[in-house]
Amino acid sequence: MIIGSNVRHYVKVSSTNTVASAMIREEKPPEGTVITASFQESGRGQAGNTWESEPDNNLLMSVILYPVTIKPAQQFVISQMVSLAVHDLVKIHSPLVRIKWPNDIFVADDKIAGILIENSIMGETLGSCVAGIGLNVNQTIFSAGAGNPVSLARITGRTFDLGQVSGQLMEMLDRRYAMLLRGETSLLGTEYHDALYRSGEWHRFTDGQGEFDGKIERVSPDGLLMVSRKNGTVSEYAFKEIDYIL
Ligand code: BTN
């Protein structure tokens, strides 16, 4: 087991990703080191957003990896691998789990987990990676304006032992990371596409030009979302260039 062989838990931190990055700089801990916290004072989300989480109710985890065989152009596979691990865990509790591009975990139309991957490049390959995961577990009330949040407790009607969920997630991450290390990137890609939210169906989207009917065709190897329109054209979008109308 690589992921979870070394776990450090904190009661309160600024952000587990920030703690993990500082550790990489200062002491280069073993690969698979996991940082968890009961509470984050400055939890970080994608694109400079914040990540809110009630104390002691949810999983806040960052995993340190050294994926030195992965080239920068292939780094989206890390996102796929981590998304699939979280997807695997949520799937135990709901068949409606999907991965919303690039790496949000949804149950039906609600977000249950967010992922923030921060990679550093060293020459021709990745040097280190901090994979931060926020999984809503026992929180049942969310502040207005937080998107469509949901939790394991909300979808199942029961409360969970956070330590147990954390252990399960590390197992899933370890299994998916082992696939990456074995070079099973095309299988990870296939499974990612099979789990992709709203793929292959017509839905409303909005981009810089306004609203339109689009169909997700696939995600390119470098992580761009390819969406077709009814006139047959296909556009490629980077993160934040397109929004789903939920
Ligand atoms: C997103 O959906 O915007 C990504 C959210 C990622 C949140 C997690 S919680 C643990 C780790 N530490 C952080 O500060 N962020 C990630």
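Residues numbered from 1 in each chain as written. Predicted model: local features only at pLDDT ≥ 70, side-chain atom pairs only at ≥ 80, totals over all residues. Heavy atoms only, no water.

1. Some remarks on the domain arrangement of the protein chain
Basically, it comes down to this: What fixes the domain bounds is an automatic or database domain assignment. We call two residues in contact whenever any of their non-hydrogen atoms come within 4.5 Å of each other. Buried area is a sum: the accessible area each of two parts loses on coming together, probed at 1.4 Å, counted once for each and added.
When the domains of the protein chain are assigned, the result is domain 1 (7–194) and domain 2 (202–244). Each of domain 1 and domain 2 has a C-alpha centre, and the two are 25 Å apart. Contacts between the two partners involve 10 residues from domain 1, matched on the other side by 14 residues from domain 2. For the pair domain 1 and domain 2, the two sides together bury roughly 890 Å², of which 74% comes from carbon and sulfur.

2. What about the pattern of salt bridges?
Should the charged atoms of two oppositely charged side chains come close, the side chains can pair. Selection criterion: Only one rule defines a salt bridge in this text: a Lys or Arg side-chain nitrogen within 4 Å of an Asp or Glu carboxyl oxygen. For the purposes of this entry, the term helix denotes a DSSP run of H or I that reaches at least four residues, the term strand denotes a run of E that reaches at least two, and both are numbered from the N terminus. Relative accessibility decides the category of a residue: with a 1.4 Å probe and only protein chains considered, values under 20% of the type maximum give buried, values over 50% give exposed, and everything between is partly exposed.
This structure, assessed with the given rule, holds 12 salt bridges. Of the charged contacts, one joins D88 and R175 as a salt bridge, the two residues approaching to 3.2 Å between their closest N and O atoms. With D88 in helix α2 (residues 76–91) and R175 in helix α4 (residues 162–181), this residue pair connects regions lying 87 residues apart in the sequence. For D88, a relative accessible area of 12% translates into the label buried. When its relative accessible area of 46% is taken as the criterion, R175 is described as partly exposed. A salt bridge links R204 to D213, with the shortest nitrogen-to-oxygen separation between them at 3.3 Å. The exposure class assigned to D213 is partly exposed, which follows from its relative accessible area of 31%.

3. Notes on α2
Put simply, the rule reads: Take the number of residues in a helix, subtract one, and multiply by 1.5 Å to get its expected span.
Its 16 residues place the ends of α2 22 Å apart at the C-alpha level, agreeing with the 22 Å of an ideal helix rising 1.5 Å per residue. Across the 16 residues that make up α2, a large majority, 15, are buried.

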